[in-house]
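Here are the chains, one letter per residue:
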2 protein chains.
Amino acid sequence: MSGSESIARIGDPDDPRIVEFRNIRERDLTGRDNRFIAEGTVVLRMLAAAHARGGTFAAEKILLLENRVAGLAEELAGFPADVPVYVASAAVLDAVAGFHLHRGVLALGHRLRRQSASELLARLPERSLVVAACGIANHDNIGSIFRNAAAFGADAVLLDETCCDPLYRKALRVSVGAVLTVPYARGGTIESNLRDLAETGHDVWALSPSGSTEIRSIPPAARMALVTGTEGTGLPEEVLRRFRTARVAQAPGLDSLNAATATGIALYEMATAQGRL
Amino acid sequence: MSGSESIARIGDPDDPRIVEFRNIRERDLTGRDNRFIAEGTVVLRMLAAAHARGGTFAAEKILLLENRVAGLAEELAGFPADVPVYVASAAVLDAVAGFHLHRGVLALGHRLRRQSASELLARLPERSLVVAACGIANHDNIGSIFRNAAAFGADAVLLDETCCDPLYRKALRVSVGAVLTVPYARGGTIESNLRDLAETGHDVWALSPSGSTEIRSIPPAARMALVTGTEGTGLPEEVLRRFRTARVAQAPGLDSLNAATATGIALYEMATAQGRL
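A short tour of the structure in this document, coming up.

Conventions and cut-offs
Residues numbered from 1 in each chain as written. Chains lettered and ligands numbered in written order. Predicted model: local features only at pLDDT ≥ 70, side-chain atom pairs only at ≥ 80, totals over all residues. Heavy atoms only, no water. Pairing = 2+ DSSP bridges. Helix = DSSP H or I, 4+ residues; strand = E, 2+ residues; numbered from the N terminus. Axes fitted to C-alpha atoms, helices over the stretch in contact; angles between N-to-C directions. Contact = heavy atoms within 4.5 Å. Buried < 20%, exposed > 50% of the residue type's maximum accessible area, 1.4 Å probe, protein only. Parallel < 35°, antiparallel > 145°, perpendicular 65-115°, else oblique. Left-handed = near helix turned anticlockwise from the far one by under 90°. Nonpolar A, V, L, I, M, F, W, Y, C, P; charged D, E, K, R; others polar. Least-squares fit on C-alpha atoms with pLDDT ≥ 70 in both. Lys, Arg positive; Asp, Glu negative; His and termini not counted. Salt bridge = Lys/Arg side-chain N within 4 Å of Asp/Glu carboxyl O. Polar contact = N/O pair within 3.5 Å; in protein donor to acceptor, adjacent residues only side chain to side chain.

Right, let's get into the sheet that holds strand β4 (residues 85–88) of chain A. Residues and elements named next belong to chain A. Strand order across the open sheet formed by five strands is β1-β4-β3-β5-β2, with mixed pairing between neighbours. The sheet is open, and its two edges are formed by β1 (7–9) and β2 (35–39), each paired on a single side. Strand-to-strand, the axes of this sheet are offset by a mean angle of 25°, without reference to chain direction. Sitting on the sheet, helix α2 (residues 41–53) touches β2, β3 (57–65) and β5 (105–111), and the angle it makes with β3 is about 150°. Running over the sheet, helix α4 (residues 90–97) touches β3 and β4 and is turned about 135° from β3.

This is the structure we're talking about:
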């Protein structure tokens with residue numbers, strides 16, 4: 001088991017060795033110094049795998065509720081021995097985190113490097129499926145987009161500069177760790193990201209309730225990209241004018257599908273069209 | 001505008017006229033006396049429509065942040081004049097609710113009657129699409145199931161006795177009010193609900209990651225039912241043995257789709273197969 005020599009008990013919430021886990025709920029909103037909090041067993045496992053692959057993400061330390069250690073032997077064995085494991089009682093752990101952590105599994109990760117949209121696109125396989133997200137500021141929705149991208153085998157996610165950081169604790173948790181497995185870039189405008197996609201041979205389809213082609217009917221292509229925006233304001237007019245638009249057919253009514261579900265359905269259809277599923 | 005005579009200002013969080021709105025976060029978990037809290041503009045509008053249809057739900061009273069009144073003239077006009085409208089400052093409203101209510105729109109509704117699964121099934125049209133949910137205890141997931149059911153025109157939702165109440169504040173909000181529009185019954189076991197569905201001529205399809213038929217390939221029928229369970233434990237073995245099973249194809253990997261998204265995709269495919277969309 002990893003770091004069996006290095007499992008250390010924390011008795012003081014102010015212990016400097018675990019300072020990065022202090023008040024993580026508030027810090028969830030700040031995103032800084034390329035570090036992130038992984039929460040829960042599944043995300044812990046994904047962090048170990050990302051660390052082992054190397055290059056993009058590294059694990060720094062792990063903090064567990066004392067009674068979780070035995071049950072996590074397999075997950076902990078996935079980390080090298082130089083990643084320290086700290087344990088604490090429920091009272092200390094809650095005092096550290098600033099709220100009740102019923103799962104009792106936290107890790108600190110580090111993003112080793114960012115990549116730009118063009119770097120990412122240059123490394124895509126010949127047949128590719130990409131999600132381009134615009135203005136997604138909600139952590140649940142960002143997390144869901146990554147979870148869906150992973151479920152349907154998308155090769156990359158491009159987030160424009162107005163999207164929130166997918167490494168925020170809650171987004172990472174909702175993604176069930178998919179943020180650590182699906183390659184992504186964050187930055188630039190949606191216009192520049194879509195131009196890059198078009199220039200690398202992608203058929204770009206903008207998803208909108210008023211889209212002109214039903215999503216089941218869009219023609220397959222070796223390279224396809226799905227553009228998705230927020231539930232409220234949707235995609236910018238400029239994007240809907242310049243690119244082909246697709247919709248998920250719905251019963252008539254006032255309200256539309258949840259953005260994450262609509263994106264999931266569209267990705268399922270595009271992945272099916274490409275023969276990936 | 002509704003109740004223009006009856007708009008009353010509340011200055012004291014303990015005012016007995018608005019006692020039902022006290023500490024709604026805690027009470028969210030209790031579900032009692034057939035009352036429920038509707039939150040936000042869209043759900044308020046759906047409550048007005050449900051009240052106007054009559055028979056199942058009625059509105060009792062409305063409580064608004066003072067600066068929201070003018071912007072809600074259209075919604076308020078949807079309620080009869082004998083539904084009182086109360087207004088309060090942000091400080092009073094937050095003290096009433098027990099947390100910061102940034103939307104500032106609350107209403108108290110009342111369920112006039114419950115219906116059983118068999119009553120509901122007896123009133124279905126000749127061609128029907130029904131969702132049968134099993135063990136959904138999460139309010140977000142219950143809300144999403146209703147939202148998806150409405151989006152794809154399902155005729156009814158049957159919740160087994162282990163599902164939570166869809167009228168809980170958060171479930172109703174996540175459903176964007178669809179709980180007030182899609183007919184549903186809650187109670188009985190999943191086995192009895194599925195037997196009722198089979199006896200009323202429904203082709204029953206149990207959704208599972210290990211399902212044998214890809215959801216796009218299930219044959220259309222005049223009456224179809226989708227059975228959906230929790231993300232973690234899934235549907236009972238007994239259900240998977242007795243009924244035909246369907247899956248949403250995914251990329252290989254450890255984790256599966258979010259339950260709400262999987263249900264959304266399955267309903268979209270079934271509604272498409274039935275020619276509803």
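After that view, the rundown keeps rolling.
This next bit is on unusual backbone geometry. Residue and element names in this part refer to chain B. Phi at Asn23 takes a positive value of approximately 50°, unusual for a residue other than glycine. Looking at where Asn23 falls in the secondary structure, it is placed in the loop between β1 (7–9) and α1 (24–27). Exposure remark for Asn23: the relative accessible area of 33% places this residue in the partly exposed category. Phi angles above zero are rare outside glycine, and Val176 is one such case at about 50°. With respect to the helices and strands, the residue Val176 is situated in the loop between α7 (169–174) and β8 (184–186).

Next up on the list: the packing of helix α6 (residues 139–151) of chain A against helix α10 (residues 259–273) of chain A. All names here are of chain A. Packing of α6 against α10 brings their axes to within 9 Å, and their N-to-C directions diverge by 15°. The angle between α6 and α10 falls in the class roughly parallel. Judged by the twist between their axes, the crossing of α6 over α10 is right-handed. The residues of α10 that touch α6, namely those facing Asn141, Ser144, Ile145, Asn148 and Ala149, are Ala260, Thr263, Gly264 and Leu267. Here the contact of α6 with α10 is built from residues that sort into four nonpolar, five polar and no charged.

The subject of this paragraph is the relation of the copies chain B and chain A. Both copies of the chain are related by a screw-like operation: a rotation about an axis and a shift along it. For the pair chain B and chain A, the best superposition has an RMSD of 0.0 Å and corresponds to a rotation of 180° with a translation of 0.0 Å parallel to the axis. Here the transformation between the copies is reduced to the relation of a two-fold axis.

All names here are of chain B. Following the sequence through the fold, Arg223 ends up in strand β11 (residues 223–228). As a buried residue without a salt bridge, Arg223 has its nearest oppositely charged side chain in Asp155, at a separation of 7.8 Å. A distance of 3.2 Å separates a polar side-chain atom of Arg223 from the backbone oxygen of Glu126. Apart from the residues within four sequence positions on either side, Arg223 is in contact with Leu124, Pro125, Glu126, Ser128, Thr200, Gly201, His202, Asp203 and Gln274.

Take the environment of Gln250(A) next. All names here are of chain A. Structurally, the position occupied by Gln250 is in the loop between β12 (244–247) and α10. On the accessibility criterion, Gln250 (23% relative accessible area) is partly exposed. Expressed as a C-alpha distance, the spacing of Gln250 and Pro209, which sit 41 residues apart in the sequence, is 8.7 Å. In this structure the side chain of Gln250 is engaged in a polar contact, spanning 3.2 Å, whose partner is the backbone nitrogen of Leu257.

Residue and element names in this part refer to chain B. Most of strand β5 (residues 105–111) sits out of view: six of its seven residues are buried. Judged from the five bridges that link them, strand β2 (residues 35–39) and β5 form a sheet pairing that is antiparallel. Bridge pairing in β5 links Ala38 to Ala107. In this structure, strand β3 (residues 57–65) lies alongside β5, joined through seven bridges in antiparallel fashion. Bridging across to β5, Ile62 finds its partner in Ala107.

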